[in-house]
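A look at the structure
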Amino acid sequence: MGSRRTDCLSKPLSRFFERLGLAVGSYPFYVFVIPIIVSAVLGGGFIFLRDMEDSDLERQFTPRKGPSKVTRAFVKDNFPYDYAMFSEERLFNKGNFASLIAVSTNTDSILEDPAFEDVIRLNNKILDISVENVRLGFNELCARANGKCVSNAILEIGSSDKFNITYPTHTHMSSSVFLGSVLGGVTTDANSTVRHAQAVKLYYHLDDQESTAEATTSWLRGFNEVLSGGVDSERIDVFYYTSKSKQQEIDSHITDGFPLFLITYACAISLSVISCLRVDNVRNKMWVAVFGVVSSGLAVVSSFGLLLYLRVPFVITVANSPFLILGIGLNNMFIMVSDWQHSHVTDPVPKRMAHTYKEAVMSITITALTDVLKFFIGVMSDFPSVQYFCLYTATSIIFSYIYTVTFFGAFMALNGIREASNRHWLTCMKIPSNKTNNSEICSVFCGGGDYDKTTGAEKKHLASHFFKKYYGPFLMKPWVKGAVIIFYMGYLAASIFGCFHTKQGIELHDLAADDSHVMKFSKKDRDYFSAYGPSIMVIVSEEFPYWDQTKRHQLQRCIGNFKELQFVDTEIFTSWLDSYLVYGQEMHLNLDDRDVFLSNLPLFFNSNPFFKQDVNLTRGAVHASRFFIQTVNISDASKEMEMLDGLKASVKKCSVVSLLVYNHEFIYFDQYGVVVSSIIKNVGVITAVMLVVSLLLIPNPICSLLVTCSIGSVTVGVTGFMALWNISLDSISMIIFTVCIGFTVDFSAHVSYAFVSSKKSSQDEKAVDALGNLGYPILQGVISTVVGLSVLSKSEFHTFRMFFNIFFLVMFIGMLHGLVFMPVILTICTCNSDKEPKEEHEFIDHPSLEKIEACRKDNLLCIAAHFDISVPKHGLKREIKEALLLNLLELKVLVDATPPDFGFFSDRVSSPKEPDSPVVESKDAPQAITSGNPLELKANPGTLPRFEPVSPELHSSSMDARLQVRLARLRLEAEEKAKEHCLALRRKWASSTALQPKGMGLIESGFVSLDGDPNRQQLVTILRDTGGSQSIIRNAPDSSPLSHAKHSSLIGRKSSQTPITGASGERERERERERAEKTHGSDVRLPSTGLFNGCCGRKRADLCNLRSEGETIRRTEKPRQRGVEEKEEEGAKTAASISSTSTSCMEHL
């Protein structure tokens, strides 16, 4: 069953792009200059780049409406922070601090001397750091508790009792100190006493109030300066970090991607130039490749400059956008160049541009439209960094598309003008064609301009020939198709398996450079201090009757559920309620009574000031309270995600009260619940948009559906293989992943559109045709882009390396779909349309001239595609038929001895002619031919119209007008085509029929041998009796009359003339003689006016129907326009002459 075509938009758009290409080809210089001027103006927006940089980690890389941000606001409102009682676990943000990790360089414990002495000396050096002219030091800026600076208790413990330290908690000065976050690489005995510690972490917490913010920042900067110079110790290695390090690191590297961008563009230009190099010095496309890459650069400059003018923030993720635009621009460039090479070389440049735009821009529009819609939809993402990235990228794609069809297209037209004048690609000097060069060296360096004379197009690249002749047919073999399907099923199975093992989560230190102090500190922190994770707040977010024993026990069971989690320490737990209950027992208080419970809370807080920050006691009611649990073994992002999911599950289990969980790091953990859903949403949007656009622009619904399905297939593949490359799903990889998926649309859409547009008769041949046309351009785009971006794989930034890894996966898997999977699946899932013309199938089954004459233009193109013959697809039907017939004769598909009608050859060529006959000259007056000896000449349907007998009673002017206009048009076309094709076609036919030298001479003179022709003598007699061309009779013996085509041309021309007398008649005959000599040679003499009368005996019944209605017909039915006013007037005169001649014929009869 055939599929319904949905090309309601593709056809009008193709016509529009054809007209656009014609306009660009007609005025290339202006179209080329305008984008340069626009880019220069918009590029001025880069002066605002520094002002618009926004790399705030929390604002850009966390969900805009993340649940932890809501919880933080609740904590801030209900548990005001007491700066006089600093507690790290009670902070609602990370605060201001500096930290260092000291690692023993040998096997000795860090707590043993002399390594521990080096740590103490380093600590003293840090405490001596001061700012603002030695007026403010750590003691003035430190965070305080009970009026004292919060110090590193481990230094005091290690100095006083280093051999009796218990882990993870130690009692120091009658208070419990948690050491799990300050000692790393710990080995303990059965009593939890520390026997060995490899590393120690020191914290320097600073005041976080606005009044000291500037001084605090200066002190942290001094901390970095002291430790960045290194530590003079061979026994310890030191790694440092501050609360502002990540932000400062990102701020310092936000524009570091631009040098990589320039290097990548240089590599892309080099690879594009190499892939477009040709041996032919005229057809070389080196400059086209260069300006194709420049077009992408101009698009980036224009789009970025415009958005910076509009004050759109520039974030670090936007630095990936230029690489994407480069990939899109390269793909568009190679497709444009491929379609340009398929155009007719001898056509004018505007016509070649019209052909290129009609084919290429339509395919480019499909991908550009889907990409733009996809990225504009991405502006609604939950991540601001994704929003700004999508906005910059979507704008860049729009400019890339515009500059491709203007700037790059105009340069292609300028390069086409150079090629048309046969100029060298480098010097732009005119050079001889390869055929005229005598020296092989000269031909290589100074020759060019060759092309395929059969098709009129440029010669195909060897790679395109490989896809057409070898790869495509091999892929279409049944057993290869089966292997491809099996391979595809294995690919899907492996991809789905990998999807279930993909990691999630962002490591914020990955935003920094590999050799930065941030990265080094983060790695050591993971290595030595991952045994204990962050302390988590468990918040009761509503009023609760804590004095109600039943309700209190239910609440304690809910808290106990958190302790049962495998990543929560059961021993380390902070609860104001448990401490208050112990206090009540000690004070003999009945805390089951509401008034007693509430009235004694202030007294309890006086003796335990830290707990005061855990209870919101307002107006005699506890509106909120919080507890603390300690997490363990949080070693990576996947553990963080597991921890967050477990905590949320425990919250849902508690039905007695509403609970919340919070830590300031949860602000970044919120992405875990958004990334996967955002990717699914983005892929769904891309799929829906692609389906709609494909249905509108790809004229086959099944192909549209397959293109849409390919998006999901590539998405699954990339996600699965990301796990094998150890790439996690996070907000950054989500951006890159969403970006790269757009490339899958490009490959699949291009191949599907080429498949549907192919004129081949079978599905396998359509697939081979699509691969032959687009296989090499797709391969060029993939190789140029991937190799060009390979410089990112060596970047010191994890973001750029991850971009390359994901980009490589998408490009490689997308190429597999475009060049392997899609062609095979298209041949299996699609079928021929029921409305396809059948004439070509009849010819293919039984080749003959009669069947090919009955074919329409579409049929001829299908026949050419079936036999793999290149023809001018957008030429006239006559041009297509001529090229097709010549190739069919060469391929021995047609073995008929009858030559094709080229307008200047006879209908058939016999064996070598007989000896020359005596020259016959005659100047006698013309004589009529009687009906007993009519002249029987067959008119070729391709050159002369067929006249069917018409009843004399019919007076319809439309029939007569069509016949007259047809005669006039064919006469003009025959004269026009004579100058272009006569010589080439004569030689071609002569070589294909293996004529003898003497016969060849006759062909060059306009004659052929027609031995045995029953009309030979009648023809010579007519020309002799009518005073016809005396030189023709003189040069043509009786055994070699005129070829039918040339004879018919003379008869047709003379039959459209009325008898001319007087001086004006002589002038008219002289002009006619000059036209005939230009067309047929200098020896031609015009036949006399009696020639038409001689034809009346043969066509009496036909000509009697041509009444004297010439004036009326000429007023109502004008001849067909041919674009030249002179030809219109000449056609009108011909029509009038036919009418007048028919009147004379009637009188004669």
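Residues numbered from 1 in each chain as written. Predicted model: local features only at pLDDT ≥ 70, side-chain atom pairs only at ≥ 80, totals over all residues. Heavy atoms only, no water.

**Some thoughts on the overall build of the chain**
Secondary structure summary: the chain contains 44 helices and 15 strands in total. Partitioning the contacts of the chain with sequence separation of at least 6, the portion at a separation of at least 24 is 78%. (Helix = DSSP H or I, 4+ residues; strand = E, 2+ residues; numbered from the N terminus. Contact = heavy atoms within 4.5 Å.)

**Describing a nonpolar patch on the surface**
On the surface, a cluster of nonpolar side chains totalling about 580 Å² of accessible area is made up of Y27, F29, Y30, I34 and V38. Within the element layout of this structure, F29 appears in helix α2 (residues 28–42). A relative accessible area of 53% places F29 in the exposed class. (Patch = residues over 30% accessible without salt bridge, like charges linked within 9 Å, V, L, I, M, F, W, Y side chains within 5 Å. Areas by Shrake-Rupley, 256 points an atom, 1.4 Å probe, with all protein chains shown as cover. Salt bridge = Lys/Arg side-chain N within 4 Å of Asp/Glu carboxyl O. Buried < 20%, exposed > 50% of the residue type's maximum accessible area, 1.4 Å probe, protein only.)

**Overview of helix α20 (residues 549–563)**
For α20, spanning 15 residues, the distance from its first C-alpha to its last is 21 Å, which sits close to the expected 21 Å at 1.5 Å a residue. Looking at the buried residues of α20, the elements they touch are β11 (532–540), β12 (568–575), α21 (576–586), β14 (621–632), α24 (637–653) and β15 (659–662). (Expected span 1.5 Å × (residues − 1).)

**Points about the packing of helix α6 (residues 115–127) against helix α8 (residues 153–161)**
Where α6 meets α8, the closest approach of the two axes is 11 Å, and the angle between their N-to-C directions is 140°. Relative to α8, the element α6 lies oblique. Considering the relative orientation of α6 and α8, their crossing is left-handed. Within the contact between the two elements, α6 uses F116, V119, I120 and N123 and α8 uses I154, L155, G158 and S159. (Axes fitted to C-alpha atoms, helices over the stretch in contact; angles between N-to-C directions. Parallel < 35°, antiparallel > 145°, perpendicular 65-115°, else oblique. Left-handed = near helix turned anticlockwise from the far one by under 90°.)

**Digging into the state of the cysteines**
Evaluated as defined, the whole model comprises 2 disulfides. Here C142 pairs with C149 through a disulfide, and the sulfurs are 1.7 Å apart. Here C142 and C149 share a disulfide; its torsion about the S-S bond, -65°, makes the bridge left-handed. Under the relative-accessibility criterion, C149 is labelled partly exposed at 23%. The disulfide partner of C558 is C654, and the gap between their sulfur atoms is 2.3 Å. Judged by the torsion about the S-S bond (85°), the C558/C654 disulfide is right-handed. Linking C558 in helix α20 with C654 in the loop between α24 and β15, this pair joins segments that are 96 residues apart in sequence. Judged on exposure class, the residue C558 and its partner C654 are both buried. (Disulfide = S-S within 2.5 Å.)

**Notes on the packing of aromatic side chains**
Inspection of every chain in the model, using the stated rule, returns 49 aromatic pairs. Centre to centre, the rings of F32 and F407 are 4.8 Å apart; their planes meet at 15°, and the pair counts as stacked. Here the residue F32 occupies a position in helix α2, and F407 occupies one in helix α15 (residues 384–420), the gap between them amounting to 375 residues. F407 matches F32 in its accessibility class, with the two residues each being buried. Between the aromatic rings of Y580 and F604, the centroid separation amounts to 5.2 Å while the plane-to-plane angle is 50°, which identifies the pairing as tilted. Of this pair, Y580 sits in helix α21 while F604 is found in helix α23 (residues 601–607), placing the two residues 24 residues apart along the sequence. Taken together, the ring pairs connect F544, Y546, W547, W576, Y580, Y583, F597, F604, F605, F611 and F627 into an aromatic cluster. The residue whose ring lies beneath R311 is F48, and the NZ or CZ to ring-centre distance is 4.0 Å. Positioned above the aromatic ring of W340 is the side chain of R352, whose terminal nitrogen or guanidinium carbon lies 3.9 Å from the ring centre. (Phe/Tyr/Trp six-rings, centres within 6.5 Å; stacked < 30°, edge-to-face > 60°. Lys NZ or Arg CZ within 6 Å of the ring centre and 35° of its normal.)

**Structural notes on the pairing of strand β13 (residues 615–618)**
The pairing of β13 with β14 spans 4 bridges and is classified as antiparallel. Looking across to β14, one finds that T618 is bridged to A621. Joining the antiparallel neighbours β13 and β14 is a turn of 2 residues, in which R619 adopts a positive phi near 50°. (Pairing = 2+ DSSP bridges.)

**Quick look at the pairing of strand β9 (residues 194–206)**
When you tally the buried positions in β9, you get 11 out of 13 residues, the bulk of the element. Where strand β1 (residues 96–104) lies against β9, 8 bridges are found, and the strand directions are antiparallel. The partner of S99 across the bridge, within β9, is Y203. In the sheet, strand β8 (residues 183–188) pairs with β9 via 5 bridges, with the strands oriented antiparallel. Within β9, the position partnered with V186 by the bridge is A197. In this structure, the hairpin formed by β8 and β9 is closed by a connection of 5 residues, where S192 is found at a positive phi of approximately 65°.

**Brief notes about the sheet that holds β9**
Pairing in this open sheet of 4 strands is antiparallel, and the strands run β8-β9-β1-β10 from one edge to the other. This sheet does not close on itself; its edge strands, each paired only once, are β8 and β10 (236–242). Within this sheet the neighbouring strands show an average axis-to-axis angle of 20°, counted without direction. This element, α6, spans β1, β9 and β10 of the sheet and lies at about 0° to β9. Sheet contacts for helix α19 (residues 517–528): β1, β8, β9 and β10; angle to β10, the most-contacted strand, approximately 110°.

**Details of the pattern of salt bridges**
This structure, assessed with the given rule, holds 22 salt bridges. Linking E419 and R418 is a salt bridge whose minimum nitrogen-to-oxygen distance equals 4.0 Å. Taken as a pair, E419 and R418 share a single burial class, namely buried. The salt bridge involving R626 is made with D614; its shortest N-O contact spans 2.9 Å. Pair noted here: R626 is in strand β14 and D614 is in the loop between α23 and β13, with a separation of 12 residues, a long-range link. Comparing R626 with D614 shows no difference in burial state: the two are buried. Within the structure, one salt-bridge network assembled from shared partners comprises R283, K285, R352, R418, E419 and E458.

**Topic: the confidence of the model for the chain**
The predicted model of the chain has a mean per-residue pLDDT of 75, with 72% of residues at 70 or higher. Segment residues 833–837 is flagged for pLDDT under 50; beyond a separation of four residues in sequence, or across chains, it makes 8 contacts in the model. (pLDDT = per-residue confidence, 0-100.)

**Some remarks on the environment of L695**
Along the chain, L695 falls in helix α26 (residues 672–697). In the structure, L695 is positioned 10 residues away from L705 in sequence and 8.0 Å away in space, judged by C-alpha atoms.

**What about the side chain of Q387?**
Within the fold, Q387 resides in helix α15. Here Q387 is in contact with R64, G378, V379, M380 and S381, once residues within four sequence places are set aside.

**Focus: unusual backbone geometry**
In the segment running from D113 into P114, the intervening peptide bond is cis, with an omega of 5°. Within the fold, P114 resides in the loop between β1 and α6. Backbone geometry at S192 places phi at a positive 65°, although glycine is not the residue there.

**Overview of α15**
Taking 1.5 Å per residue as the helical rise, α15 with its 37 residues ought to reach 54 Å, and the 52 Å between its terminal C-alpha atoms agrees with that figure. The sharpest bend along α15 measures roughly 40° and falls at Y403. Judged by how many residues are buried, α15 sits mostly within the fold: 28 of 37 residues are covered. Positive phi appears at N422, one or two residues downstream of α15, with a value of about 55°. (Bend = angle between axes of the 7 residues up to and from the residue.)

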